[in-house]
Structures are given as C-alpha cells and as structure tokens.
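Chain by chain, the residues:
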Amino acid sequence: MDKKTLPFLTATQLSKLIESKEVSPVDATEAYLDRIEEVDPKLNSYITITGEQALDAARHAEQEIATGMYRGPLHGVPVAVKDQFNTAGILTTGGSSILKDNVPTDDATVITNLKKAGAILLGKLNMSEFAMAEIYNHPYGTPRNPWDLERNPGTSSSGSGAATAASLCATSLGEDTGGSIRGPANFSGLVGLRPSHGRVSRHGVLGGSWSMDTVGPISRSVEDAAITLQAIAGHDSKDTYSWDVPVPDYRAALTGDIRGIRLGVIQERMDSPNLDPEFRETVAEAIGMMGELGASVEDTSIPHAPNAGALTMSILGVEWANLHRPMFEPHIDYLDHNNRIRFLTGSIIPAQYYYKAQKLRAVLRHQILDALEKVDVLVLPTGPITAPPVESVPGIQSKEHALTGLAGRISFTGPFNLAGTPAISVPCGFSTAGMPMGLQIVGRPFAEGTVLKVAHAYEQNTEWHNRRAPI
C-alpha cells in the first residue's frame, strides 16, 4: 500500500492492517507526520507536534506487535489530543499564552490510558483559550475548517475537529463542557461523542466546570469513536467524580440492527426559529431514514430545552471563573477579549442566580430523564447552522450580543451536558454550500452503547462518512 494513502484510512481500517502486520506503525506515523507538515500550515490544528517521541513509540509498538504482544485496536495507531490534557514532558498550553511555558511532569489519566492501549501520540491540538467557547484571538494561530478554510471548524475543540477531518490524525480526543466535542463534529463532518458525566476520568485535565466537563472522542467513523472511547473509559481513583461502573464492549453494540429502537424527536429544537430550514429538512430526512431501518419515531417534548444555553453559561461562568481565579487575576491582560469579559462576569454573578440556574438545571434533567423512560434515544440537530465564516466570530460587544449566542449551538447541545447524559453527533448531510451537518443522538446515563448502535446503523446506511474534506 502506498504510504501516502495511510492517513486517509479510518482508525479501524488502519488498525486491522497494523494487527495483520500489513502496515507498520512506523510507516503510518511517518505518513501522518508528512501530511501534518504539508497541510497543517493552512489549518493551524496543532500547537505542538511530537514527531521524535511519536516515532520512538511507533518503533516500540512495531516490536511489541511483531512478538505477539498486541494490545488492541489502537495499538500502533497515530492519534492526537486537545491541548487541554497534561502530557508529561510535553508543552500543555490550554490554548493560552499564559501557559506558553507549561510542561507538566505527569500525564492525565486519559493520556496514560491511550499509552496503555498502544496509541501513538502525534501531538497536541489547538483549542479555544482555556476551553471557553468562541474567542477573538488564538495565540497559536486561528484554526481553520478543512471543508472551507474561511470557516470555523468548531469550538472549543477546534484543532481536534480540523485535524481529524483533514486526516492529520487517525482519531482524536476533545473535551465537552457545553458542546465542545459535538460542535466541532457538526461543523467538520465528524463523529463526536460526549460520554456520560463520570464515564471518563478528568484527572490531569485543565478544567472549566467541575459539574459538566467530559472527555471524549472526535473521529471519522462511529466505530473509530467506539474504539477510542473503549481505550479511555473507566473508573479512576484520582477523579472522585468518575463512576465505578462496568465498561461494556462498545464495538459489540455496533450490530447495524435498530429494529424496535424507539426514537424521540425533540420538538422544541426541531421547531426552533433559530434552526436553519435546510438543516431542519436534512435532519428530518435522517430521522425518516432511521424509521425505514426499523426504529419507531415519535414526537417528544423537553419544555426547558430552549433555556439550556442560558443555564449552561450561568453555571459554567461561575465555576470557570472560580477555578481559574488564581491564574487569571495576575494575568488578566493576557486573556482573550471574550474570556476577559466572561471571567469578570462570572466573578460577580450573585450566588442566588447560580443557585437558581442549578435548580432549573435539575428540572431540565428530570424532563430529559423522564423522556428517556419512554424512548430509547432522543434525536435533534447538533446545532442550528453549519460552520460560519471565521471572521463572523467578533468580540463580545454588548449584553444583547452575548444573549444572541445563548440561542445558538449551546441551546442544542447544552441540555445534555446539564443532564450528564451521553450524546453523539454523526454526519447527516451537507448544505448547498458544501458544509457538513450533524444529527445528535442522546441516550440514558451510561448507555453509550445504545447511542453508538443507533449512530452506527444510520451511518452505515448513508454515504456522508465517506466524503473527504478537499484539502
């Protein structure tokens, strides 16, 4: 096989070739590093490229596989991670110039788990500063969307979306507080899975919200997302919020059979005045396709879903400002314009407002869990629009401007970080302008297998996942 074609294989396809020894992990890693060198200057998806360490790890993986010590489906597969996860001896910036010299001495648990799985770390990916929504200035270069270089690849796991869509890694990790895995998946034509809160350890992760932060995969196929989640999921004594519950075989759930699965279509999101009509029609067609595959479809109401943006940002603003206060106060002039406003605002939100947001959050969570008693999964668009132009993300200028953002993507992704339920975005079509659109599928707590099952069945009966970004 021509080495130049290796980056365009899915992680699953590459894994099978590595396991059978038809492809060397060294050749795969070299192919990815070559493509990163060629393409990434256009995308700014990487902050740090760990070329020599990656090649050393690839040689070690090759030796292990040659001697029968095969670790599993990520063994020898080149991956990349959002620069939000501590990596021992490797720069970890959090997307901020404040941490431009930060080199941790220990790995985050998800990095430790990737290494145990035999994955090859290519480098650290660009992101919104401190993983906080849209920002005005990216100190390590503005990330670009490989489907259209003038458009946003999604926030805050921007580099994870751009690099994975451009075949600059086989699969990647992002972090989702209010939609930062699902948003880039939607904008960049990928599969992005936010696991249940507590399914994956957050030890060693530069946090934003103790009550919502979640680590998960951004991948080019549902099966890739399944094997990536398999490698990182599980209880961790270093994270007191991780749940000690069994981790199932996620690949085993990918049967392609969804006959009898009950789908609940969230009407408050399908009927949103902010949802682009073309997007609405595309998602409706995707839901119809799943009905043809044997799933039953019914309308579902989540009355508080439209308020999810305001609730998410109220809670996140307070928790984020409180967590980072010791770092931000002496370096406030280094913060991005938008983040400076968010930090100052989060620092003065009255306790009663935070408390009220948490009470309303409990009501919304009850509505979601109650709906999931009647259906197996909930479905809705991942967001209201396709990727906007990069220059259309201005600095926050007014209260009215800030309020407009609360009715955007975060009002579609936000209900499920508030509820702590698993949610996946899977490609469901392209706009007339050629930009990807995502279908969001939501399951009960710790029912990632069901979410993956439904997403995989839909994916395998459509052709959207076979399209390649034109870069």
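In this report, we go over the structure that sits alongside the text. (Residues numbered from 1 in each chain as written. Predicted model: local features only at pLDDT ≥ 70, side-chain atom pairs only at ≥ 80, totals over all residues. Heavy atoms only, no water.)

### With respect to the nonpolar core
- Formed by 118 residues in total, the largest nonpolar core has its most connected members in Leu 439 and Ile 441.
- Once residues lying within four places of it in the same chain are set aside, the contact partners of Ile 441 are Val 377, Leu 378, Val 379, Pro 422, Ala 423, Ile 424, Val 426, Val 451, Val 454 and Ala 455.
- Residues Phe 187, Leu 190, Ile 218 and Ala 469 belong to the second largest nonpolar core, which totals 11 residues. (Core = buried A, V, L, I, M, F, W, Y, C linked by side-chain atoms within 4.5 Å. Buried < 20%, exposed > 50% of the residue type's maximum accessible area, 1.4 Å probe, protein only. Contact = heavy atoms within 4.5 Å.)

### A word on the packing of aromatic side chains
- Taken as a whole and assessed by the stated rule, the structure comprises seven aromatic pairs.
- Their ring planes at 40° and their centres at 5.5 Å tell us that Trp 210 and Tyr 241 sit as a pair that is tilted. Residue Trp 210 is found in the loop between strand E5 (191-194) and strand E6 (214-219), and its partner Tyr 241 is found in the loop between helix H7 (222-232) and strand E7 (262-266); the two are separated by 31 residues along the sequence.
- Residue Tyr 241 is classed as partly exposed on the basis of its relative accessible area, which comes to 40%.
- Here the basic side chain of Arg 468 rests over the ring of Phe 8, its NZ or CZ set 4.0 Å away from the ring centre. (Phe/Tyr/Trp six-rings, centres within 6.5 Å; stacked < 30°, edge-to-face > 60°. Helix = DSSP H or I, 4+ residues; strand = E, 2+ residues; numbered from the N terminus. Lys NZ or Arg CZ within 6 Å of the ring centre and 35° of its normal.)

### Quick word on the environment of Val 103
- Structurally, Val 103 is set in the loop between strand E2 (78-82) and helix H4 (109-116).
- Residue class for Val 103 comes out partly exposed when judged on its relative accessible area of 45%.
- Separated by 26 residues in the primary sequence, Val 103 and Val 77 have C-alpha atoms spaced 25 Å apart.

### Regarding the packing of helix H2 (residues 25-43) against helix H3 (residues 51-66)
- Two elements in contact, H2 and H3, have axes separated by 8 Å at closest approach and are oriented at 160°. Accordingly, the angle class assigned to the pair H2 and H3 is roughly antiparallel. Listed contacts from H3 to Pro 25, Val 26, Thr 29, Glu 30 and Leu 33 of H2 are Gly 51, Ala 54, Leu 55, Ala 58, Arg 59, Ala 61, Glu 62 and Ile 65.
- In terms of residue class, the contact of H2 with H3 is made up of eight nonpolar, two polar and three charged. (Axes fitted to C-alpha atoms, helices over the stretch in contact; angles between N-to-C directions. Parallel < 35°, antiparallel > 145°, perpendicular 65-115°, else oblique. Nonpolar A, V, L, I, M, F, W, Y, C, P; charged D, E, K, R; others polar.)

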